[in-house]
Protein chains: 2
Amino acid sequence: MAFSLSDKYLGKFISTFDMAAVENELKTAFDLVKHKNGEGSDFLGWVNLPYDHNMEEYERIKKAAKKIQDSCDVFLVIGIGGSYLGARAAIEFVQGNLYNDKKKNTPDIYFVGNDISSSHMRDVISICEGRDVCINVISKSGTTTEPGVAFRVLRSMLEKKYGNKANERIFVTTDAKKGALRPQAEEYGYESFVVPDDIGGRYSVLSAVGLLPIAVAGIDLDEMFKGAKDAEDEYTQSFYNNDCVKYASYRNLLLRKGKCIELLASNDPSMTMFCEWWKQLFGESEGKDGKGLYPASVIYSTDLHSLGQYIQEGQRTLFETVINVNIEDNFVIEEDKTNADGLNFLAGKTINYVNQQAVLGTALAHTDGNVPNIAMEITSRSAYEFGHLVYFFEFACAISGYMLGINPFNQPGVEAYKKNMFALLGKPGYEQATKEIYERLEKLSK
Amino acid sequence: MAFSLSDKYLGKFISTFDMAAVENELKTAFDLVKHKNGEGSDFLGWVNLPYDHNMEEYERIKKAAKKIQDSCDVFLVIGIGGSYLGARAAIEFVQGNLYNDKKKNTPDIYFVGNDISSSHMRDVISICEGRDVCINVISKSGTTTEPGVAFRVLRSMLEKKYGNKANERIFVTTDAKKGALRPQAEEYGYESFVVPDDIGGRYSVLSAVGLLPIAVAGIDLDEMFKGAKDAEDEYTQSFYNNDCVKYASYRNLLLRKGKCIELLASNDPSMTMFCEWWKQLFGESEGKDGKGLYPASVIYSTDLHSLGQYIQEGQRTLFETVINVNIEDNFVIEEDKTNADGLNFLAGKTINYVNQQAVLGTALAHTDGNVPNIAMEITSRSAYEFGHLVYFFEFACAISGYMLGINPFNQPGVEAYKKNMFALLGKPGYEQATKEIYERLEKLSK
């Protein structure tokens, strides 16, 4: 058993009565996901994806990854939100957050087109100088501003570098039929993959969206799918003794008891981007209708020396969900003859052993500080574990969202800033909005 | 004027009556900082640091930086919390978050000893293979677990590599007289610098703690100090028309109106670590006695596609402070004959122009979504600007903390996890705590 969830620290905060009181609504929420008859159920393609993946495309992704590994030093992945977070999370989870810096047989991977920064773009272009480059542009519509601008710039860079041969270095992940990238893929002969219609961005890491970059980083897709399949088997069948159900219930109970922030904590820096992926999954799924826990994250012990004070003694509005990375290692701390640093009490112990005592000590300290602690543990950072953990959180998020009484699969609020931005930029079709927003700005400046 | 603060979006949330009502307590808070007679005032060394820096040491730091630049490819900075966040924030602020990846004349810089991860340590060691390495170990006591373990491991690596010559590659920043590192520096002849007694970790970036790594990255310390000096002149003199005072008042008023999360947002990925520095500054200063805003951060537009939904429509518990990075550039988006992506309405515009419309559109959208927006702007990412901005937030934090009614300069809660960890690890002197914690664990497992 590589993953576990425990309520061992929750006794002070959640009672068996609390749990019993929400059982019926939890069951309803679980059934809505399982039977695919809740709001937004046309976006439940991820539920059976581990078993139902298009195998023709899956094999083609593996071949494309091999081709990319063989033909470039730098792989640029253009995408924003769900089109980059999952793959980046997977790569750092398995290969560590220093993947690009390490000696390896696979290309460096940069995630671009997820901001609007000219200096960041310039730095990426300079990094590509004198090195072979491939691009994967990931966008369902092909017209999203950030990846769209990045693709314009970087395709032009590639065409200057390789002429007509640039087309062989461009890989497109987009809508099966519609959108701006599909016809371009056909016209220029870019190899292409499909962003499924029934899977939203934040649930798409196990689709082609995530698979190509993950495979390029040398991660075993079969292992990852094995983990996801085992999770599908484990979590979708029975409501009873189901860790997804338990996690959904704990977090909703803590929300109802007045907590408004869920801190996802982990004790290894390789989990940083996994936490970012989780923040989108839960924040975008649940943050609507004035509801939802604010998803924040910390890495221990790093952030115990920055946010630790707040967590221990600040406003009591938060609880934490800890993913304890507990991997046996043989990195033993050596004895120092002088013991000048006073750390000889650690000599002969492994670094992971020390890390485990820090995790345990922190859980007890935070419990004392009235921070409820949902304790999870993983015993490896393999591709299998990643696939399993991703599926666990996706399924738990769907249950949790229905329990919260929202549609966990839409994101209506994301359009608000875009609409204003397009009005300000004078996008065709936004003429009325443009007029209105400039009138508003005039009033604001008075 | 390179930095500005505006209340242009706050009219809906904070009235002139609100401001008038808190003027007296704000004035009291300001005076406590200015006259250094509030709680914790023996930790106010940072207030006059821009003008009062020890110039002998300042010049020695510059020389050491030059020596490090000339003698290594990889510079390892060992420190946790305030002993790494400020320097890392400065380097990414000025040089971008791809500093290590870019071609440059200065060493790659890795911040280590801020976690307890064996895989991260292994990766760093592998990155050092075949390359010249220098170390800066930063720790006031010299006995903090994370940097202590890292220094044991990495010093041993250096001694294997360079023998006796390793000592010339080790630079120590520690207490002037006490602690475990000071006698080692003297015994082995490490060049050393001082962690001042009257400056806490989170306020220490402009002391030797931050200066050496920042200088090694090729950042102009004189420019940075000029910015800090101008800020000291600007913010410490008069209570009236003082942006530090305004910022402290806005955030405390929003807290009193029920907000519990302050989101520091910026629109450039180079600000990511600046936000982390800010989170420690405010979280550790204010998160005590059950009080304080939870400090979170986002990078736009990246996170508008992950947390944007929550910010727009989730639980109304947050406000945002936006540092708009508005730097003119000549990176023009080109016209595309086919306009396949529909983005020709951006042709001829600069990337920064688009970024600015995104910032403006977001501020209006979030205002409509009842997220108060404190608007800041910087027009460069120079060393000057960094020095200025750091001082601005430090001084504002001190005022804000006194207004909140806490001591902004201690961090009693950080000890809680450490005490448990030491008990679990059987550290000498913790025998009674060890006994108690194992009894507690036994009960917990029943």
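Just so you know, these numbers come straight off a predicted model, no measurement behind them. (Residues numbered from 1 in each chain as written. Chains lettered and ligands numbered in written order. Predicted model: local features only at pLDDT ≥ 70, side-chain atom pairs only at ≥ 80, totals over all residues. Heavy atoms only, no water.)

Novice: Got a minute to help me understand the overall build of chain A in this structure?
Specialist: Within chain A, the regular secondary structure consists of 17 helices and ten strands. On the principal axes, the C-alpha backbone points of chain A span a range of 60 × 60 × 55 Å. Per-residue burial over chain A gives 66% buried out of 446 residues. Once local pairs closer than 6 in sequence are excluded, the contacts in chain A between residues at least 24 apart make up 79%. When the accessible surface of chain A is split by element, carbon and sulfur atoms take 49% of a total near 15,500 Å². A distance of 5 Å separates the average location of the 48 positive side-chain charges in chain A from that of its 61 negative side-chain charges. (Helix = DSSP H or I, 4+ residues; strand = E, 2+ residues; numbered from the N terminus. Buried < 20%, exposed > 50% of the residue type's maximum accessible area, 1.4 Å probe, protein only. Contact = heavy atoms within 4.5 Å. Areas by Shrake-Rupley, 256 points an atom, 1.4 Å probe, with all protein chains shown as cover. Lys, Arg positive; Asp, Glu negative; His and termini not counted. Charge placed at Lys NZ, Arg CZ, Asp CG, Glu CD.)

Novice: I keep staring at helix H16 (residues 415-425) of chain B and nothing clicks. Help me out?
Specialist: Summarising burial for H16(B): eight of the eleven residues are buried, a large majority. Along H16(B), the positions that sit buried rather than exposed are Tyr417(B), Lys418(B), Asn420(B), Met421(B), Phe422(B), Ala423(B), Leu424(B) and Leu425(B). Its buried side turned inward, H16(B) meets helix H14 (351-368) of chain A together with helix H7 (145-162) and helix H17 (431-444) of chain B.

Novice: I keep staring at the confidence of the model for chain A and nothing clicks. Help me out?
Specialist: A low pLDDT means the predicted coordinates there should not be read in detail. For chain A, per-residue confidence averages 97 on the pLDDT scale, and 100% of positions sit at 70 or higher. At the level of chain-chain contacts, confidence expressed as ipTM amounts to 0.98, with global pTM at 0.98. (pLDDT = per-residue confidence, 0-100.)

Novice: Hey, could you run me through the sheet that holds strand E4 (residues 133-138) of chain B in this one?
Specialist: Picture the strands of a sheet paired through backbone hydrogen bonds; they go either parallel or antiparallel. Residue and element names in this part refer to chain B. Strand order in the open sheet formed by five strands is E3-E2-E4-E5-E6, with parallel pairing between adjacent strands. Pairing within the sheet leaves two strands with one partner each, and these edge strands are strand E3 (108-112) and strand E6 (191-194). Across the sheet, the mean angle from the axis of one strand to that of its neighbour is 20°, orientation sign disregarded. Summarising the sheet, strand E2 (residues 74-78) and E3 pair through five bridges and their orientation is parallel. When the sheet's bridge partners are listed, Phe 75 is paired in E3 with Ile 109. This element, helix H4 (residues 55-71), spans E2, E4, strand E5 (170-174) and E6 of the sheet and lies at about 135° to E6. (Pairing = 2+ DSSP bridges. Axes fitted to C-alpha atoms, helices over the stretch in contact; angles between N-to-C directions.)

Novice: What is the right way to read the packing of helix H9 (residues 208-216) of chain A against helix H10 (residues 221-236) of chain A from this model?
Specialist: Residues and elements named next belong to chain A. At their nearest, the axes of H9 and H10 sit 10 Å apart, and the two run at 135° to each other. In terms of orientation, H9 lies oblique with respect to H10. Contact residues: H9 offers Leu 211, Ile 214 and Ala 215, while H10 offers Leu 221, Met 224 and Phe 225. Split by residue class, the contact of H9 with H10 holds six nonpolar, no polar and no charged. (Parallel < 35°, antiparallel > 145°, perpendicular 65-115°, else oblique. Nonpolar A, V, L, I, M, F, W, Y, C, P; charged D, E, K, R; others polar.)

Novice: Honestly, the nonpolar core in this entry has me stumped. Any pointers?
Specialist: Proteins that are soluble and globular tend to have nonpolar side chains buried together. Core analysis: the largest hydrophobic core is formed by 112 residues, its most contacted members being Leu76(A), Tyr294(A), Leu76(B) and Tyr294(B). Among all residues touching Leu76(A), those that are not within four sequence positions of it are Tyr110(A), Val112(A), Val124(A), Cys128(A), Val133(A), Cys134(A), Ile135(A), Asn136(A), Leu154(A) and Met157(A). (Core = buried A, V, L, I, M, F, W, Y, C linked by side-chain atoms within 4.5 Å.)

Novice: Would you mind showing me how to read the interface of chain A and chain B here?
Specialist: Many authors give the size of an interface as the accessible area that is lost as the parts come together. Counting from both sides, the interface comprises 132 residues of chain A and, opposite them, 132 residues of chain B. Here chain A meets chain B over a buried area of about 10,600 Å², counting both sides, of which 61% is carbon and sulfur. Of all residues in chain A, Arg152(A), Tyr294(A) and His305(A) bury the most surface against chain B, accounting for 8% of the area lost on that side. Remark: the boundary between chain A and chain B carries eight salt bridges. Arg440(B) is the partner of Asp368(A) in a salt bridge, and the nearest nitrogen-oxygen pair spans 2.8 Å. Here chain A and chain B share 55 residue pairs in polar contact (both at pLDDT 80 or more) between them. Grouping the amino acids of the side of chain A that touches chain B by side-chain chemistry returns 55 nonpolar, 45 polar and 32 charged. (Buried area = accessible area lost by both parts, 1.4 Å probe. Salt bridge = Lys/Arg side-chain N within 4 Å of Asp/Glu carboxyl O. Polar contact = N/O pair within 3.5 Å; in protein donor to acceptor, adjacent residues only side chain to side chain.)

Novice: Sorry, what's going on with the relation of the copies chain A and chain B here?
Specialist: One copy of the chain maps onto the other through a rotation about an axis plus a displacement along that axis. The two copies are related by a screw motion: chain A maps onto chain B through a turn of 180° and a shift of 0.0 Å along the axis, at an RMSD of 0.0 Å. Seen this way, the second copy is the image of the first under a two-fold rotation axis. Among all residues of chain A, the minimum C-alpha distance to the rotation axis is found for Ala296(A), at 3.5 Å. Interface overlap between copies is the fraction of interface residues in one copy that are interface residues in the other; for chain A against chain B it reaches 100%, indicating a shared surface. (Least-squares fit on C-alpha atoms with pLDDT ≥ 70 in both.)

Novice: Would you take a moment to explain unusual backbone geometry for this structure?
Specialist: The phi angle of most residues is negative, glycine excepted, and most peptide bonds adopt the trans form. A cis geometry characterises the amide bond from Tyr300(A) onward to Ser301(A), with omega recorded as 0°. Positionally, Ser301(A) belongs in the loop between strand E8 (294-299) and helix H13 (308-313). Unusually for a residue other than glycine, Asn339(B) sits at a positive phi of about 50°. Mapped onto the elements, Asn339(B) comes out in the loop between strand E9 (318-325) and helix H14 (351-368). The exposure class of Asn339(B) is partly exposed, given its relative accessible area of 28%.

Novice: What is the right way to look at the packing of aromatic side chains in this model?
Specialist: Here the distance between the centres and the angle between the planes together describe a pair of aromatic rings. Applying the stated criterion across every chain yields a total of 60 aromatic pairs over all chains. Seen from their ring centres, Phe274(B) and Phe386(B) are 5.9 Å apart, and the 85° between their planes marks the pair as edge-to-face. Taken together, the residues span a long stretch of sequence, with Phe274(B) in helix H12 (residues 272-286) and Phe386(B) in helix H15 (residues 383-404) at a distance of 112 residues. The two residues Phe274(B) and Phe386(B) agree in class, both being buried. Taken together through their ring pairs, the aromatic side chains of Phe3(A), Phe93(A), Tyr235(A), Tyr247(A), Phe274(A), Trp277(A), Trp278(A), Phe282(A), Phe386(A), Phe392(A) and Phe393(A) make up a single cluster. The lysine or arginine in question, Lys427(A), covers the ring of Phe422(A), its NZ or CZ lying 4.0 Å from the ring centre. (Phe/Tyr/Trp six-rings, centres within 6.5 Å; stacked < 30°, edge-to-face > 60°. Lys NZ or Arg CZ within 6 Å of the ring centre and 35° of its normal.)

Novice: Which parts of the structure should I look at to understand the domain arrangement of chain A?
Specialist: Residues and elements named next belong to chain A. By the assigned domains, chain A splits into domain 1 (3-35 + 225-404), domain 2 (46-219) and domain 3 (419-445). With 33 residues of domain 1 at the interface, the matching set in domain 2 holds 28 residues. Summing both sides of the interface, domain 1 and domain 2 together bury roughly 2,700 Å²; the carbon and sulfur share of this comes to 67%. For the domain 1 face of the interface with domain 2, the top three residues by lost area are Phe 225, Met 273 and Phe 386, together amounting to 28%. The tally of links from domain 1 across to domain 2 stands at one salt bridge. A salt bridge links Arg 202 to Glu 284, with the shortest nitrogen-to-oxygen separation between them at 3.0 Å. One can count eight residue pairs in polar contact (both at pLDDT 80 or more) joining domain 1 with domain 2. Those elements giving two or more residues to the side of domain 1 that touches domain 2 turn out to be H10, helix H12 (272-286) and helix H15 (383-404). Tallying contributions element by element places H15 first for the side of domain 1 that touches domain 2, with ten residues. The class makeup of the residues in the side of domain 1 that touches domain 2 is 18 nonpolar, six polar and nine charged. (Domains from an automatic or database assignment.)

Novice: How should I be thinking about the packing of H4(B) against helix H9 (residues 208-216) of chain B in this particular structure?
Specialist: Helix packing geometry: the angle between the two helix axes and the distance between the axes. All names here are of chain B. Where H4 meets H9, the closest approach of the two axes is 8 Å, and the angle between their N-to-C directions is 40°. With respect to the hand of their crossing, H4 and H9 are arranged in right-handed fashion. Contacts between H4 and H9 involve Glu 57, Tyr 58, Ile 61, Ala 64, Ala 65, Ile 68 and Gln 69 on the former and, on the latter, Ala 208, Leu 211, Leu 212, Ala 215 and Val 216. Per-class residue counts for the contact of H4 with H9 are ten nonpolar, one polar and one charged. (Left-handed = near helix turned anticlockwise from the far one by under 90°.)

Novice: Looking at this structure, how should I read the environment of Phe193(A)?
Specialist: Residues and elements named next belong to chain A. Mapped onto the secondary structure, Phe 193 falls in strand E6 (residues 191-194). The exposure class assigned to Phe 193 is buried, which follows from its relative accessible area of 0%. Once the C-alpha coordinates of Phe 193 and Leu 212 are considered, the two residues, 19 residues apart in sequence, prove to be 9.0 Å apart. Ignoring any residue separated from it by four or fewer positions in sequence, one finds Phe 193 in contact with Glu 57, Arg 60, Ile 61, Ala 64, Phe 171, Val 172, Thr 173, Thr 174, Arg 182, Ala 208 and Leu 212.

Novice: Before we go on, may I ask you to explain the sheet that holds E6(A) in this structure?
Specialist: Residue and element names in this part refer to chain A. Read from one edge of the open sheet, five strands run E3-E2-E4-E5-E6, paired in parallel fashion. What marks the edges here is a single partner per strand, and that holds for strand E3 (108-112) and E6. This sheet shows a mean twist of 20° between the axes of neighbouring strands, independent of strand direction. Bridge count for strand E5 (residues 170-174) against E6 is four bridges, and the pairing is parallel. When the bridges of E6 are listed, Phe 171 appears paired with Glu 191. The strands that helix H4 (residues 55-71) touches are strand E2 (74-78), strand E4 (133-138), E5 and E6; relative to E6, the one it contacts most, it runs at about 135°.

Novice: Help me out: how do you make sense of the pattern of salt bridges in this one?
Specialist: For side chains bearing opposite charge, pairing can occur when the charged atoms are close. Residues and elements named next belong to chain B. Under the definition given, this model contains 56 salt bridges over all chains. Asp 132 serves as the salt-bridge partner of Arg 169, at 3.9 Å between the closest nitrogen and oxygen. Of this pair, Arg 169 sits in the loop between H7 and E5 while Asp 132 sits in the loop between helix H6 (118-128) and E4, and the two are 37 residues apart along the sequence. We classify Arg 169 as buried; its relative accessible area is 13%. Using a relative accessible area of 31% as the deciding quantity, one classes Asp 132 as partly exposed.

Novice: Can you walk me through the environment of Gly96(B) in this structure?
Specialist: Mapping Gly96(B) onto the fold places it in the loop between helix H5 (85-95) and E3. Dropping the residues within four chain positions of it, Gly96(B) is found in contact with Asp123(A), Ile91(B), Ser270(B) and Arg381(B).

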